[in-house]
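Here is what each chain is made of, one letter per residue.
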Amino acid sequence: TGGGGNVPIERPQVKFQDVGGMDALKEEIRLKIIHPLNHPDLYRAYGKPIGGGILMYGPPGCGKTHLARATAGEISAGFLSVGINDVLEMWIGSSERNLHEVFANARDNKPCVLFFDEVDALGARRSDLKHSAGRQLTNQFLSEMDGIDATNEGVLILAATNSPWHIDPAFRRPGRFDRILFVPPPDLAARAAILEILLRGKPCDRIDFLSIAKKCEQFSGADLKAVVDLAIEAKLQEALKAGMPKPLTTADLLAAAPKQRSTTKEW
Ligand code: ATP
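Residues numbered from 1 in each chain as written. Predicted model: local features only at pLDDT ≥ 70, side-chain atom pairs only at ≥ 80, totals over all residues. Heavy atoms only, no water.

The protein has the name ATP-dependent zinc metalloprotease FtsH in an unreviewed UniProt entry, where Anatilimnocola aggregata is given as its organism. In its Sequence similarities (unreviewed entry) section, the UniProt entry covering the protein states "Belongs to the AAA ATPase family." (UniProt positions renumbered as here; feature names shortened; annotations may be inferred.)

As structure tokens, then:
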């Protein structure tokens, strides 16, 4: 990620079909972001306002960033991500100009998904902020967001946080983050779907995704990725010894699962 206005815009290749589970979230993003972009006249005809963003919250590693990137891929939009380090730089440096440049960069590259990871860094309750620089940054973020309706059509704002309770209530006003969605750890079916996505295109025997998912109670998408990586590493060793590719099996993944622990429980 990078902060300033000159950061190259990413063109994600991943789409919703590369995101396991999250069906309700995908639908919400279609309704709130994708349909208004493609059919603005219809929305206007019914007086449904266009604009505003979606704030996602939940335990780490459960696909918030992945889904934001896939949203951009789904509509062939650009993707611009602002992470915690960018915000810290804004705090130290010429913060106001930077944040403005980020929005300007997105506007110049419409349609563009503008993703704020750990948005609580930008939107801590102003009463919690002892530093006026932080208050200024929050205020500027809000006014840039308010520009969405008029000047920012085609700029689609998504944000993620692990701690929504730290976010300034002003963020939730209509036209700002008026949709706040919980991203839970994937359920059994979603875990099976994620495993299938992670193994797409790899040498595999017929794999029983459901039985592996059952051994991965409370695992995040990131945890599942770690399981798959472990299984692949072991398999690669075998293949190297044999001097030929060996397909991954259900047993390989079942052996890898207990080596990884769920990282969603502490949240
Ligand atoms: P954080 O709060 O730490 O930023 P996050 O919720 O944004 O976490 P991601 O970074 O999106 O999580 O997920 C980490 C990785 O796990 C992704 O790059 C992806 O490979 C995999 N992953 C997570 N969720 C899914 C999913 N639903 N479908 C497919 N892959 C997933």
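Colleague: I keep staring at unusual backbone geometry and nothing clicks. Help me out?
Modeller: The phi angle of most residues is negative, glycine excepted, and most peptide bonds adopt the trans form. Of note, the bond from Lys 110 into Pro 111 is cis; its omega dihedral lies within 30 degrees of zero at -10°. Within the element layout of this structure, Pro 111 appears in the loop between helix H5 (95-108) and strand S3 (112-116). Phi angles above zero are rare outside glycine, and Glu 118 is one such case at about 50°. Its location among the elements puts Glu 118 in the loop between S3 and helix H6 (120-123). By relative accessible area, which is 31% here, Glu 118 ends up partly exposed. (Helix = DSSP H or I, 4+ residues; strand = E, 2+ residues; numbered from the N terminus. Buried < 20%, exposed > 50% of the residue type's maximum accessible area, 1.4 Å probe, protein only.)

Colleague: Whenever I open this one, the pairing of strand S2 (residues 78-82) confuses me. Can you help?
Modeller: Within S2, 5 of the 5 residues are buried, which leaves the element mostly enclosed by the surrounding structure. Neither face of S2 is exposed, since Gly 78, Leu 80 and Val 82 on one face and Phe 79 and Ser 81 on the opposite face are all buried. One ladder, built from 5 bridges, connects S2 with S3; its direction is parallel. From the neighbouring strand, Val 82 faces S3, where its bridge partner is Phe 116. (Pairing = 2+ DSSP bridges.)

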